[in-house]
Amino acid sequence: MELLLLYIIILLWNLFDFSSGVIYNKGDMEKHFACDSQGFPQKNKIIKLYLSSDDLKIECFFQSESELSSKEFLGVFTSGGLAPSLGIINSTYTGIFHFNLTLFSDRIYWLINIPRENITKNTDIAAVEEWLVRITLQHGLNIYTTEGTLLDNVREPILQWDLGTLMTKNDITKVYPYVVDLKVAKCPCANDVALLGFILNTTYNGIYIGLSFSGFWDYNDTVWYNLTDTIYSQVGEEHTELSVVDMVLTNHFLVILTSLGLFVSGDLRYPSSSVLTKSTIASVRVLKNNKPGLNPKFPLFVFPSSFSSPVGMVFHPRSHFLYAYGNQVWLSIDGGNTFELLADFHDDIIKNTYHSFYTSDITFVSQSGNVYLTKAGLRRYSKIGSISDNIFTLYYDHMGFIHKLTPDHFEPDVSLTTLGNSRGIFGQPPDMGFETALAPQYISLKEIIFYAYVPANEPQGNIYTKKFSNMHLGKVIHSRKTGTAYIRKVLQHNTPEGFLSSIIAEVINPFGIEEANESSCLSSSLSINQAGNASYKLTLQSQTPGINSSFQDLDVEKTVVIPGYSSFLITRVLDAKNALAIATMPERALSNMSFQKDSWFLYNLGHKNGRMWSIYAKPCNYWFQQDHSLSLNVLKYIDLGKSHTLKVKVIPNTKGVRTLEIPLLKVIVGNANLLEVKAEGSFDDTDSYVMKISAASKALRQGSTSLALVIWGASTECFVTTVVPTLKNSCSYLKSMHHIPSKLIPLEDWISGVHKDSQGFNMIKTLPINYRPPSNMGIAIPLTDNFYHADPSKPIPRNLFPKSKRSGKFKQCANMSTREECNCTNDQKFSHAVAFSDCREKVPRFKFPVTQYPVSLGIYSENGRIPVETPYLVTMTEVNRRENWKLQHSVPENVKKLKNYLESHLNAPVYNPLGLNLSIKGSELFHFRVSVVPGVTFCNLVEEFQIYVDEVPLPFPGHTLIAVAAAVVLGGLIFTAFMFQIRNIHPSDICQKFMTRNKVNLSNFSINQMPHR
């Protein structure tokens, strides 16, 4: 009961951590869960999950000190209705899955089984983004969050290739003595998939490459290949001094620069036995109309002469930040148009840079082995340690952990407590101070200037070693006695003499002053007189008899601070009562002034007797939160005329330091001509800075741009200082148009083929095998090329007439002998697309006649569903060229002009999709295609739907009967005339004789009657 109460208290405490978005930089992210997809998880290991062609099965347990306590945790959480949730996230997708709530008595872990198709339905080989997985105790609450990665082993291109001859551990060990350097190439979309190449000396030959799919966390997981024979097969003969020079792994190709030339793989999406082919090197230019342009994209930028040893230039991944490095580092935030100086290393040279897209970390390694860190777009950097290995390279995995790779072992950072900022492999955080004295000058109780002293006799080449630099911006200065201050600004200047640089700092903790027992001079009053152009003479005037008060050699490099006046750095002790000093602010240094005891103070920030001050990185000073997004660097599509809004919050975490009322976030647009970007920011009641950024698509120009959000004042110790969402002014691959049936039929009924309405009419029609719809020439004469329910092994009906025999072509079943070989998936069998008509078996069935059928359409995207209405005008056709159908729609006055314009250009009827009705007077299958007109969207929005019209009554035969009767009568008359002619019978003579006989008889009858009368 006590244990249950304790856990409930823990949960309630963590509930206060609830927010609508994930908050970063709050502190160390510990590993609470251990999970694995390939067996029972091991403690204290980074979560690495792998998606195969089978279902994803994950086992997780709660990490605690013992198995018993872990089981108790699971039991308490499960009994309370809590089970972990698994978030699968990348820049375009977020899926939430829940572990089973039931906890079996013999199990100390949670289990989840996710069908592959619930994550992705694609199985083709393609470069896809590796997923981030985030496991929390309960979805929506930031409780015991643990992060890891999920890699699709089925689709990752380089994993499907046989790079060369496999090497054993003994084989690769023999190569170690000849390695002089290392090269790493990682997959752009899945940084855990990487290659490690050995650069060899001239006494050994070969191309030896290691492949890792787990981010080089374990040396034994690396698969080694020997590509030497492959290279020799391309050049035609063996050569000496064969070695890797450089490597690049793109989404589609592996490029290896060797001492014998450049070799490029085939398309990695189509594995083959031949990996590499020799290629020539080509220059890269800006393309215009698919032709190399002669003019540069930007005007030439001329670096100053101080940038004397340039080494290279590199873009930070998926951003517009360009870094030029050598003895200096220059940053361009506009893709190379302009540059600004980030760091000056003088006689040391940066030889390599390493980048993490996930954390925005950028690490610089110099010739002397010093290691520096900055964040993408941040105008400050820190020294984080050094490396003493002669042969090494650095590598960031997909989660932003840095690894040191050497030929015979890998050294991942083991300090997993701080996600993304793992730098234990470089030793303890170094002191970024330098060997000189500092002179403090108070501006106010909370603001202070520290001047760095440069002796007059300092050699010109060493002056830079006694000056503040940009590296110190944003750091914290510490006094060995007491006191800390946050460095807000670094200044370079030529005056006052002796002080060539200074920093403006905000006091966090007050700085300790010297006491009389440390400097006896404090027991006297002090007079100040100018002794030269830049020096002042300090003279002690004893106030208390019997007290020994004097300057000592230990007072050199201490600073006299007088409130309201200039400070004075003691540079030389002349005698016990006199010393020389230089003023920090000569204009406020009054000559012939005296100051009583206790009205002046002495600070010791010298270095003569051991440096009394130091500079270290500031702990993370800002939290970062973005609403409604679980991914740091999202990819968003913006369609024509649409907009997208990002909302972020920067929360100050600066104890003892005031928050300046200036924007805390800087927005940098990579391509300002592509989208219309607006940013609005303000401080809320908690001093948090909230910014709303909207990007709108206003032009018919497609493209993509990065949008960098930089917390300009953040410490390099923060996990998140820079967020780089990518905005594409184009159609989202998730955006599509769908026909909404008038009556929905459940999937199980589609499978069974039976779904009856209230009158017992089956609304599903199973098409005959190798069915083709009728043509305008008749039911028995199909003329379409589209087969439905195709089976190459079965006869083709309605194939008697020559025109029918010439039409009809299999698509998916082409060159197949049976339907099984067509490999129709369930999705294809239920697809309305004409491309999959071979697979289509069942279609919606309607009674004749179909009148006023509502053609209802909807546009679906990651933002939900919207109805298709103006300005989305549509065209509609029957794919099998059938007639006997018509559409009815209403056209508003404001749309008529647009409709007429489009019809004249498209040469097709254009319809208003709102209130569109269809009537059909024909029979059997009608297959319709609806398309949105161009110019209103970047998407090719096309939808197809089918209607089978059945139970068509026989037509009334009146016309046929009349025609037959007329033909019979006419034929009879012709036949009778023919018979009369051949028998020489003249109907006219017969009629005349008949008429004459009738007259004679009539006359006789009249005579006989008269006598009787």
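Residues numbered from 1 in each chain as written. Predicted model: local features only at pLDDT ≥ 70, side-chain atom pairs only at ≥ 80, totals over all residues. Heavy atoms only, no water.

## A word on the overall build of the protein chain
Then comes step 1: Broken down by element type, the protein chain carries 11 helices and 64 strands.
Then comes step 2: The buried share among the 1013 residues of the protein chain stands at 49%.
Then comes step 3: Surface summary for the protein chain: the accessible area is close to 49,900 Å², and the carbon and sulfur share equals 54%. (Helix = DSSP H or I, 4+ residues; strand = E, 2+ residues; numbered from the N terminus. Buried < 20%, exposed > 50% of the residue type's maximum accessible area, 1.4 Å probe, protein only. Areas by Shrake-Rupley, 256 points an atom, 1.4 Å probe, with all protein chains shown as cover.)

## Comments concerning the state of the cysteines
Then comes step 1: Within this structure, the stated rule accounts for 5 disulfides.
Then comes step 2: Shown here is the disulfide that connects Cys-813 with Cys-822, its sulfur atoms set 2.0 Å apart. With the S-S dihedral at roughly 130°, the linkage between Cys-813 and Cys-822 falls on the right-handed side.
Then comes step 3: A sulfur-sulfur distance of 2.1 Å marks the disulfide that ties Cys-824 to Cys-839. Torsion about the S-S bond of the Cys-824 and Cys-839 cystine: about -75°, corresponding to left-handed handedness. In this pair, Cys-824 is assigned in the loop between helix 7 (802–806) and helix 8 (826–829) and Cys-839 in the loop between helix 8 and strand 56 (842–847), connecting sequence segments 15 residues apart. Of the two residues examined, Cys-824 and Cys-839, each falls in the buried class.
Then comes step 4: Summary of cysteine pairing: Cys-187 is not part of a disulfide, and the nearest cysteine sulfur, belonging to Cys-189, is at 5.4 Å.
Then comes step 5: For Cys-189, a relative accessible area of 17% corresponds to the buried category. (Disulfide = S-S within 2.5 Å.)

## A word on the packing of aromatic side chains
Then comes step 1: For the structure on display, the rule yields 41 aromatic pairs.
Then comes step 2: The interplanar angle of 55° and the centroid separation of 5.4 Å between the aromatic rings of Tyr-451 and Phe-499 together place this pair among those described as tilted. A residue pair is termed long-range when its members are at least 10 positions apart, and Tyr-451 in strand 33 (residues 447–453) and Phe-499 in strand 36 (residues 499–509) qualify at 48 residues. Phe-499 matches Tyr-451 in its accessibility class, with the two residues each being buried. (Phe/Tyr/Trp six-rings, centres within 6.5 Å; stacked < 30°, edge-to-face > 60°.)

## Comments concerning the sheet that holds strand 50 (residues 689–696)
Then comes step 1: If you trace the 5 strands from one edge of the open sheet to the other, you get 1-45-47-50-49, paired in antiparallel fashion. Of all strands in the sheet, those bounded by a partner on one side alone are strand 1 (23–24) and strand 49 (676–683).
Then comes step 2: As paired strands, strand 45 (residues 622–626) and strand 47 (residues 643–652) are joined by 5 bridges and run antiparallel to one another. Bridged to Gln-625 within strand 47 is Lys-649. (Pairing = 2+ DSSP bridges.)

## Digging into unusual backbone geometry
Both trends apply: most residues other than glycine have a negative phi, and most peptide bonds are in trans.
Then comes step 1: Residue Thr-495 is joined to Pro-496 through a cis peptide bond whose omega torsion reads 0°.
Then comes step 2: Mapped onto the elements, Pro-496 comes out in the loop between strand 35 (484–492) and strand 36.
Then comes step 3: The linkage connecting Thr-870 with the following residue, Pro-871, adopts the cis geometry, with an omega of 10°.
Then comes step 4: Tracing the sequence through the fold places Pro-871 in the loop between strand 59 (864–867) and strand 60 (874–878).
Then comes step 5: Even without being a glycine, Arg-881 presents a positive backbone phi close to 60°.
Then comes step 6: Tracing the sequence through the fold places Arg-881 in the loop between strand 60 and strand 61 (885–888).
Then comes step 7: Its relative accessible area of 57% is what places Arg-881 among the exposed residues.
Then comes step 8: Phi at Asn-884 is positive, roughly 65°, even though this residue is not glycine.
Then comes step 9: Within the secondary structure layout, Asn-884 lies in the loop between strand 60 and strand 61.

## Quick look at the nonpolar core
Then comes step 1: In terms of nonpolar packing, the biggest core is built from 39 residues, with Phe-321, Tyr-323, Val-329, Leu-438, Phe-450, Phe-468 and Ile-477 touching the most fellow members.
Then comes step 2: Counting 32 residues, the second largest nonpolar core, distinct from the first, contains Tyr-24, Phe-401, Leu-646 and Cys-718. (Core = buried A, V, L, I, M, F, W, Y, C linked by side-chain atoms within 4.5 Å.)

## Observations regarding the pairing of strand 3 (residues 47–51)
Then comes step 1: Counting buried residues in strand 3 gives 5 out of 5 residues, a clear majority hidden from the surface.
Then comes step 2: Side-chain alternation along strand 3 places Ile-47, Leu-49 and Leu-51 on one buried face and Lys-48 and Tyr-50 on a second face that is also buried.
Then comes step 3: Two elements, strand 3 and strand 9 (residues 146–152), share 5 bridges in a ladder whose sense is parallel. Counted as the bridge partner of Leu-49 is Leu-150 from strand 9.

## Describing the sheet that holds strand 34 (residues 476–479)
Then comes step 1: Reading across the sheet, the 6 strands line up as 32-33-36-35-34-44 and stay open at both edges, with antiparallel pairing between neighbours. Each edge of the open sheet is held by one strand with a lone partner, namely strand 32 (438–442) and strand 44 (613–616). Neighbour to neighbour, the strand axes of the sheet diverge by 35° on average, direction disregarded.
Then comes step 2: Where strand 34 meets strand 35, 3 bridges bridge the pair, whose relative direction is antiparallel. Paired with His-478 across the strands is Thr-484, a residue of strand 35. (Axes fitted to C-alpha atoms, helices over the stretch in contact; angles between N-to-C directions.)

## Regarding helix 9 (residues 893–906)
Then comes step 1: The end-to-end C-alpha separation of helix 9 is 20 Å, in line with the 20 Å expected for 14 residues at 1.5 Å each.
Then comes step 2: The complete set of buried residues in helix 9 reads Val-895, Lys-899 and Leu-902. Summarising the axial view, the buried residues of helix 9 lie within an arc of 70°, below the 170-degree limit, and thus occupy one face. In helix 9, those exposed residues whose orientation departs by more than 90 degrees from the buried face are Glu-893, Lys-897 and His-905.
Then comes step 3: With its phi angle positive at about 55°, Asn-907 sits one or two positions after the end of helix 9. (Expected span 1.5 Å × (residues − 1). Arc of directions from axis to C-beta.)

## Things to note about the pattern of salt bridges
It is possible for side chains of opposite charge to pair when their charged atoms get near one another.
Then comes step 1: Inspection of the entire model under this criterion finds 29 salt bridges.
Then comes step 2: Residue Lys-794 is joined to Asp-791 by a salt bridge in which the shortest nitrogen-to-oxygen separation is 3.8 Å.
Then comes step 3: Classification of Lys-794 as partly exposed rests on a relative accessible area of 39%.
Then comes step 4: A salt bridge links Arg-845 to Asp-950, with the nearest nitrogen and oxygen atoms 2.8 Å apart. (Salt bridge = Lys/Arg side-chain N within 4 Å of Asp/Glu carboxyl O.)

## Points about the confidence of the model for the protein chain
Detailed conclusions should not be drawn from predicted coordinates in areas where pLDDT is low.
Then comes step 1: Summing up the model confidence of the protein chain, the mean pLDDT is 86 and the portion of residues at 70 or higher is 88%.
Then comes step 2: The secondary-structure element of the protein chain with the lowest mean pLDDT is helix 1 (residues 2–15), recorded at 47, while strand 33 shows the highest, at 97.
Then comes step 3: In the predicted structure, residues 6–19 sits below a pLDDT of 50 and forms 19 contacts with residues beyond four places in sequence or in another chain.
Then comes step 4: The low-confidence segment residues 281–285 (pLDDT under 50) makes 4 contacts with residues lying over four places distant or belonging to another chain. (pLDDT = per-residue confidence, 0-100. Contact = heavy atoms within 4.5 Å.)

## Looking at the pairing of strand 59
Then comes step 1: With 4 bridges joining them, strand 58 (residues 856–861) and strand 59 adopt antiparallel strand pairing. Its bridge partner lying in strand 59, Ser-861 is registered against Gly-864.
Then comes step 2: Counting the residues that bridge the hairpin from strand 58 to strand 59 gives 2 residues.

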